[in-house]
2 protein chains.
Amino acid sequence: MKSGLSFDPARLMAEMGARARSAARILAAAPTAQKAGAIRAAAAAIRANRATILAANTKDMAAAAHLSPAMQDRLKLDDSRIEAMAAGLDVVADLPDPVGEIIREWDRPNGLHFRQVRVPLGVVGIIYESRPNVTADAGVLCLMAGNACILRGGSEALATSRAIHAALLEGLRASGLPEDAIQLVPTSDRAMVGAMLAASGLIDILIPRGGKNLVARVQAEARVPVLAHLDGNNHVYVDRAADPAKASAIVLNAKMRRTGVCGAMETLLIDQSATNMAPMLLETLLDSGCELRVTPDLLPLDTRLKPADPEDWDTEYLDSIASVATVDGVEGAIAHIAAHGSHHTDAIVTEDTATADRFLAAVDSAIVLWNASTQFADGGEFGFGAEIGIATGRLHARGPVALEGLTTYKTVVLGTGQTRP
Amino acid sequence: MKSGLSFDPARLMAEMGARARSAARILAAAPTAQKAGAIRAAAAAIRANRATILAANTKDMAAAAHLSPAMQDRLKLDDSRIEAMAAGLDVVADLPDPVGEIIREWDRPNGLHFRQVRVPLGVVGIIYESRPNVTADAGVLCLMAGNACILRGGSEALATSRAIHAALLEGLRASGLPEDAIQLVPTSDRAMVGAMLAASGLIDILIPRGGKNLVARVQAEARVPVLAHLDGNNHVYVDRAADPAKASAIVLNAKMRRTGVCGAMETLLIDQSATNMAPMLLETLLDSGCELRVTPDLLPLDTRLKPADPEDWDTEYLDSIASVATVDGVEGAIAHIAAHGSHHTDAIVTEDTATADRFLAAVDSAIVLWNASTQFADGGEFGFGAEIGIATGRLHARGPVALEGLTTYKTVVLGTGQTRP
């Protein structure tokens, strides 16, 4: 934006989009080694420019005194966080390149040979909040999958994001890839978020990363497909045929390992025929410091229990709080999750295979687990090496989205002169 | 809608959506035989109720005198069209059921077993125009893939669609599936289209089938993911290394086999080093009755040629008209298609493998062909048995969309008590 000219968000978006499209064409055909080389060079540049990045972060932090301690913590970088960021880039550089993978091949009686081939999505827009490391993570994940990206970070992290972005550009230059492959929106003007949401034809898919307000706004207003999760209102159902020791360990881990992650359990469902396990499960959670809001039948079990309000069943606490309901067996659990779940991650604990199969088939969530903690809802734990987010919609990428989720496919048809009768 | 009450489109949509969601839960777990049985019973009911359907169609036709002959032809049913509709249903009943297919499985070092399983999309909304057979086709394709659907047909076909829909309901009843699985919007009020476009959370994906105005409105206004193609501005590039006989046959077939289909060639690109083939290719098309609008260098070749205007390169004629440009080899063809293509279907004719590989990799369309006609852009020709449309967006289903394109997946995680460290 030249000084003296009025700022036109749609025009800036159109310019950035056109440059991203040109870069995307080059990236789509870029060899794996070239993309990986750019990412490794970016990691090296982050390490080499640590002092510059820290200075920029100090500037952002100085202006962030009005933010909550949690937001300030997300914004703050130090030596170890910068090294972790660089190491994360090296991990992505070593991941298998999904582009060009042949998903399937088949022949037709007329001799035509069909081949579905994985190709990049194109131009990915990412709107995120205060964590400046998203600039690096999201940028290189898009790059490795052959996509150009347009990054719009939180305004409170703009100086830090610019310093990180400069290191990414060093990586692109070092391997001969276009700098337009990873673009950072150069202004903190909120109007650019609106311009990105309206960028149909310029941005192929939008990924919001941040709090509920951001994600809800993007989902409500976007004219571009969105890959996002809004809530992780996750359930663990303990069946009458559960192994008590497994149930106790899984429930405790699902709730309390980290309460602020989207894979955390928010509601515990206990089979009404598993009354022998209920006191032990509740005591385990209460003793770990978890507040429990429960159905009336459970209240007499412990004086520390509180009655649940109806809205508790729809609440993602992201805190040391859980709601607990007794349900009428696996069908009751399925019905409760259908009514209150958010299609993120739900688990059953049981030793009965038929009951587990019923739950795994009927619960309509991106991730369903049998005898394992919901906190495994994570791209790294899936073996994807990284993730750009967890999608709870019904589009082509569901659950943890990593490199493969950043691609689509095309069909290549090989003929010998066939015409259609 | 009860008489005396004002019509509330959002409320009707919410009611239909809630009933569709309930039906979708049942369909998601319905065995293949039950779904196929419902479809076969619907085909039988269409045949048995032929007279009723024809009477309804006569009523629609009587009110359609103001429509164009082409639209009247699309609307009109006769015995053979009704039999073709029923036979089409029997074909779908025999297709392999995608639901439950295990896409891939893998293990992690901690013993967790991961399984990606194909599941239905959920509730599919279909907005279409005058062809009443879409009521049957789309309804049963959604059903076979385990989805509930909400159909909004053209107002001019409402009586016919209702009669066909009644036969589909007979099929659902006969096999014990919920009638809410296939719902027809009961009013021709245009406000219901708006209500469907805004039905986020009620409809999981919208498929518009019809003319450009309809598709463009849906893409511009929808708050729900859309699977659609707007244009089929398809190219055939004849390379210097093309076999002249193959080139001639493919170009003629791609343009003239049927000019009104979305896979028809609209622009012929000729390598400027293939000047020996240009007169023959142009003469073949001209002799078949095709009007040609060409670049200035080609004009002297035949007195019947007309000069192309700039907008010709972006025009989908859907008629016996084509534009023709000479280009600077395969790179010129790739650049022309990048500038003017619609990401639908593009073909190269060449005997040079390296040139073909370059074209197939660089042209960013849902379908790319080597030495075959663009008119193969069709789910049936792909071996899918049917199609609900051809998607040119970048979402999970690209190209011809059939049963598999009407599904997504979830990840099932099988553990033995694992908790996350």
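Residues numbered from 1 in each chain as written. Chains lettered and ligands numbered in written order. Predicted model: local features only at pLDDT ≥ 70, side-chain atom pairs only at ≥ 80, totals over all residues.

Here the focus is the confidence of the model for chain A. Here chain A averages 93 in pLDDT, while 99% of its residues score no lower than 70. Across the interface, the model reports ipTM at 0.88; the global pTM reads 0.88. (pLDDT = per-residue confidence, 0-100.)

With that out of the way, let us pick up the relation of the copies chain A and chain B. Here two copies of a chain appear, and what relates them is a rotation about an axis with a shift along it. When chain A is fitted to chain B, the residual RMSD is 0.1 Å, and the transformation amounts to a turn of 180° plus an axial shift of 0.0 Å. Here the symmetry operator amounts to a two-fold rotation axis. Nearest to the rotation axis, the C-alpha of His 396 of chain A is located 2.1 Å from it, this being the minimum over chain A. When the interface residues of chain A are mapped onto chain B, 100% of them are again interface residues, pointing to one common binding face. (Least-squares fit on C-alpha atoms with pLDDT ≥ 70 in both. Contact = placed C-beta atoms within 7 Å.)

Attention shifts here to the pairing of strand 2 (residues 113–120) of chain B. Residues and elements named next belong to chain B. Bridging between strand 1 (residues 102–107) and strand 2 involves five bridges; their strand directions are antiparallel. By the bridge assignment for strand 2, Arg 104 is matched with Gln 116. As judged from the eight bridges shared by strand 2 and strand 16 (residues 407–418), these two strands associate in the antiparallel manner. Among the inter-strand pairings, Arg 115 is bridged to a residue of strand 16, identified as Val 412. (Pairing = 2+ DSSP bridges. Helix = DSSP H or I, 4+ residues; strand = E, 2+ residues; numbered from the N terminus.)

Attention now goes to the domain arrangement of chain A. The parts lose accessible area when they come together, and the size of an interface is often stated as this lost area. The domain architecture assigned to chain A consists of domain 1 (10–228 + 400–412) and domain 2 (234–382). For domain 1 of chain A versus domain 2 of chain A, the distance between C-alpha centres works out to 35 Å. (Domains from an automatic or database assignment.)

The next point concerns the sheet that holds strand 6 (residues 205–209) of chain B. Residue and element names in this part refer to chain B. Taken in spatial order, the four strands line up as 5-4-3-6 in an open sheet, and their pairing is parallel. Single-partner strands in this sheet number two, and they are strand 5 (182–184) and strand 6. Ignoring which end each strand starts from, the neighbouring axes of this sheet average 20° apart. As paired elements, strand 3 (residues 123–128) and strand 6 share five bridges and run parallel to each other. Bridging across to strand 6, Ile 126 finds its partner in Ile 207. Contacting strand 3, strand 4 (148–152), strand 5 and strand 6, helix 6 (residues 133–144) runs over the sheet at an angle of about 165° to strand 4. (Axes fitted to C-alpha atoms, helices over the stretch in contact; angles between N-to-C directions.)

Between chain A and chain B, the contact holds 55 residues from the first and 55 residues from the second. Listing elements by their share of the side of chain A that touches chain B, those giving two or more residues are helix 1 (9–28), helix 10 (244–256), helix 13 (353–362), strand 13 (367–372), helix 14 (379–382) and strand 16 (407–418) of chain A. Looking at the side of chain A that touches chain B, its residues break down into 27 nonpolar, 16 polar and 12 charged. Here strand 16 of chain A pairs with strand 13 (residues 367–372) of chain B via five bridges, running parallel. Residue Leu 414 of chain A lies in a different strand from strand 13 of chain B, and its bridge partner there is Trp 370 of chain B. (Nonpolar A, V, L, I, M, F, W, Y, C, P; charged D, E, K, R; others polar.)

Moving on, we get to helix 5 (residues 79–93) of chain B. In a regular helix each residue adds 1.5 Å, so 15 residues correspond to 21 Å; helix 5 of chain B covers 21 Å between its end C-alpha atoms and thus fits that length. Elements in contact with the buried residues of helix 5 of chain B: helix 2 (32–48), helix 3 (50–62) and helix 6 of chain B. (Expected span 1.5 Å × (residues − 1).)

What follows deals with the sheet that holds strand 6 (residues 205–209) of chain A. All names here are of chain A. The four strands lie next to each other as 5-4-3-6, forming an open sheet whose pairing is parallel. Looking along the sheet, the strands with just one partner apiece sit at the ends: strand 5 (182–184) and strand 6. Across the sheet, the mean angle from the axis of one strand to that of its neighbour is 20°, orientation sign disregarded. Pairing of strand 4 (residues 148–152) with strand 5 involves three bridges; the strand directions are parallel. If you follow Ile 150 over to strand 5, its bridge partner there is Gln 183. Strands in contact with helix 1 are strand 3 (123–128), strand 4 and strand 5; relative to strand 4, the strand with the most contacts, it is inclined by about 140°.

Turning next to the pairing of strand 1 (residues 102–107) of chain A. For a regular strand, the rule is simple: side chains alternate between the two faces of the sheet. Little of strand 1 of chain A sits out of view: just zero of its six residues are buried. In sequence, strand 1 of chain A turns back onto strand 2 (residues 113–120) of chain A through a hairpin of five residues, with Gly 111 of chain A there showing a positive phi of about 90°. (Buried ≥ 20, exposed ≤ 12 C-beta atoms within 10 Å, placed from the backbone.)

Moving on, we come to the packing of helix 3 of chain B against helix 7 (residues 158–174) of chain B. Residues and elements named next belong to chain B. Close contact between helix 3 and helix 7 brings their axes to 7 Å; oriented N to C, the two are set at 165°. It follows from the interaxial angle that helix 3 and helix 7 lie roughly antiparallel. Relative to helix 7, helix 3 is oriented so that their crossing is right-handed. Only Ala 159, Thr 160, Arg 162, Ala 163 and Ile 164 of helix 7 make contact with helix 3, whose side of the interface consists of Thr 52, Ile 53, Ala 56, Asn 57, Lys 59 and Asp 60. The class makeup of the residues in the contact of helix 3 with helix 7 is five nonpolar, three polar and three charged. (Parallel < 35°, antiparallel > 145°, perpendicular 65-115°, else oblique. Left-handed = near helix turned anticlockwise from the far one by under 90°.)

Here we come to the environment of Arg 223 of chain A. Residue and element names in this part refer to chain A. The topology assignment puts Arg 223 in the loop between helix 9 (212–221) and strand 7 (234–238). Classification of Arg 223 as partly exposed rests on a count of 18 C-beta atoms within 10 Å. Separated by 15 residues in the primary sequence, Arg 223 and Pro 208 have C-alpha atoms spaced 14 Å apart. Discounting residues that sit within four places of it in the chain, Arg 223 has contacts with Leu 197, Ala 198 and Ser 200.

What follows covers unusual backbone geometry. All names here are of chain A. Look at Leu 318: it is not a glycine, yet its phi comes out positive at around 50°. By secondary structure assignment, the location of Leu 318 is in the loop between strand 10 (306–307) and strand 11 (321–327). We note that His 343 has phi near 65°; this positive angle belongs to a residue other than glycine. Among the structural elements, His 343 can be located in the loop between helix 12 (329–340) and strand 12 (345–349).

A separate point is the environment of Val 140 of chain A. Residues and elements named next belong to chain A. Along the chain, Val 140 turns up in helix 6 (residues 133–144). With 263 residues separating them in the primary sequence, Val 140 and Leu 403 have C-alpha atoms 9.9 Å apart. Once you skip the residues sitting within four places of it in the chain, Val 140 turns out to touch Ile 39, Ala 42, Leu 89 and Val 92.

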